[in-house]
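One-letter residues, chain by chain:
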Amino acid sequence: MRQTYSLKQKTAQFLHILFPILVTQIALSAISFFDTNMSGKFGTADLAGVAIGISLWIPIQTGLSGILMGITPIVSHLLGSRRDKEVAYQVVQGIWLSLLVSISVLLLGSIFLSPILDFMSLEAEVRSIAFRFLSAISFGIIPLFGYTVLRSCIDALGQTRVSMFITLIALPVNVGLNYLLIFGNLGFPRLGGVGAGVASAITYWVIFGIALLFIYRAEPFVNLRLFRDFHRLSLRSLKELLTIGIPIGFSIFFETAVFSAVTLLMSRFDTMTIAAHQAAINFASTLYMIPLSICISLTILVGFETGSGRLKDARQYGWLGIGSAAVLSLATALVLFYGGNQVAGLYSDEPEVINLIQHFLIYAIFFQISDAIATPTQGVLRGYKDVNPAFIICFVAYWIIGLPTGYVLATYTDMGAYGYWVGLITGLAIGAILLLSRLIIVQRNYAAKHAGTQQ
């Protein structure tokens, strides 16, 4: 990355970093999209089972990946302060952490998965598909979290096109495997929704292997001597990673897990409603990749600028990113409003299910607008290494306000399942306002602290 001076240069740099990240995130989310979509074409029970499995898996994956993404601001600050030789050591510590995280997930999953599914009181076939889907995908947990660390390092170096290339290879691999394993084509076993879990696990191994190859052999990574030397696990470095990563991971977890909590609470509704709800959530999650990509880009750019001591540039990048996300959210709102029926048709061929999905997508318009403010704002705060208040804000907004509001509306009014979505909209809107207020405070504090330096 290079220093920028004018708004035009900053916009070009922002787009240079953002575009590959956006393509990468959309491609990654498309893996879950195609898992859900192709399973739905196999059958409604498979759609519901895979959707339940994904709703339980995504908060765990994104929350723990968020912890590992703590390597991004660390590497950005090292590069901004010209301490390049320390990058390799920090990345290896991130790999150690990813291994510890993976083992913990596998152990806890073996203990708690069955009780959680039993608690949901699902139909027997749906429960079986969800359990076997998650069991299959567990074989890809270690490479997935390892790839998260490698990708965070690659992106922090500004080489976001490399991440894009890797993910674009992974997408056709996953779709092709889904085609073979879900439907039993070309002599492969006909596994239904469970085949999507097997396909995803294999895909995670593929992207991890390709990322390792790039890190070890390609420029500019060779100059950093990544994985050329063995570094033992350091408790001190682990503490630094966790100090930054845990608040990031928890803030992501609180946001994604609230959707899974809604799914758990909605288990009292019929399979068709659950399937429609999860299909709408799945598509909304794909749209969420836009503010999430801007969030990751802002963490890299703001982290680099603050590490270099250029606070005025960091502030400008922050508002440029948040403003861009807000404008794009209005465009996606139009897609949901006018194209809801076509979107619903991607998930099911049954008219009643399509109608339900379309209704849920109307509500998705409102909470994705709030996401467009809240998520990029968190990215800016991470660039400043201000991470603790954000996860407290997310917890209060989503779990203390949003979820209880949704439960009351769904249980004690005639809104039914839609009440949960109104609760989510309320929590996300409040979270966006509080996070934006926190950013203003942080920028003022930075300006006061560094008064007299270059701004």
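Computed from a predicted structure; not experimentally measured.

Considerations on the pattern of salt bridges
A side chain of one charge can pair with a side chain of the opposite charge if their charged atoms are brought near each other.
Item 1. Under the criterion given, the structure shown has five salt bridges.
Item 2. One salt bridge in this structure joins lysine 10 and aspartate 313, with 2.5 Å as the shortest N-O distance. Separated by 303 residues along the polypeptide, lysine 10 in helix H1 (residues 7–42) and aspartate 313 in helix H11 (residues 311–345) bring together distant segments of the chain. Of the two residues examined, lysine 10 and aspartate 313, each falls in the buried class.
Item 3. One salt bridge connects aspartate 118 with arginine 127, and the closest N-O pair in it is separated by 2.8 Å.

Observations regarding a negative patch on the surface
Item 1. Taken together, the side chains of Glu123, Glu125, Asp270, Glu350 and Glu352 present a region of like negative charge at the surface.
Item 2. Here glutamate 123 is to be found in the loop between helix H4 (87–119) and helix H5 (124–137).

Some remarks on unusual backbone geometry
Item 1. A positive phi angle, near 55 degrees, is found at leucine 186, a position not held by glycine.
Item 2. Along the chain, leucine 186 falls in the loop between helix H7 (160–183) and helix H8 (193–217).
Item 3. Unusually for a residue other than glycine, lysine 385 sits at a positive phi of about 60 degrees.
Item 4. If you trace the backbone, lysine 385 turns up in the loop between helix H12 (351–383) and helix H13 (388–412).

Some remarks on the environment of leucine 191
Item 1. Inspection of the secondary structure puts leucine 191 in the loop between H7 and H8.
Item 2. Counting along the chain gives 193 residues from leucine 191 to tyrosine 384, while the straight-line C-alpha distance between them is 47 Å.
Item 3. Other than its neighbours up to four places away in sequence, leucine 191 contacts Leu181, Ile182 and Val198.

Cut-offs used in this document
- Residues numbered from 1 in each chain as written.
- Predicted model: local features only at pLDDT ≥ 70, side-chain atom pairs only at ≥ 80, totals over all residues.
- Heavy atoms only, no water.
- Salt bridge = Lys/Arg side-chain N within 4 Å of Asp/Glu carboxyl O.
- Helix = DSSP H or I, 4+ residues; strand = E, 2+ residues; numbered from the N terminus.
- Buried < 20%, exposed > 50% of the residue type's maximum accessible area, 1.4 Å probe, protein only.
- Patch = residues over 30% accessible without salt bridge, like charges linked within 9 Å, V, L, I, M, F, W, Y side chains within 5 Å.
- Areas by Shrake-Rupley, 256 points an atom, 1.4 Å probe, with all protein chains shown as cover.
- Lys, Arg positive; Asp, Glu negative; His and termini not counted.
- Charge placed at Lys NZ, Arg CZ, Asp CG, Glu CD.
- Contact = heavy atoms within 4.5 Å.

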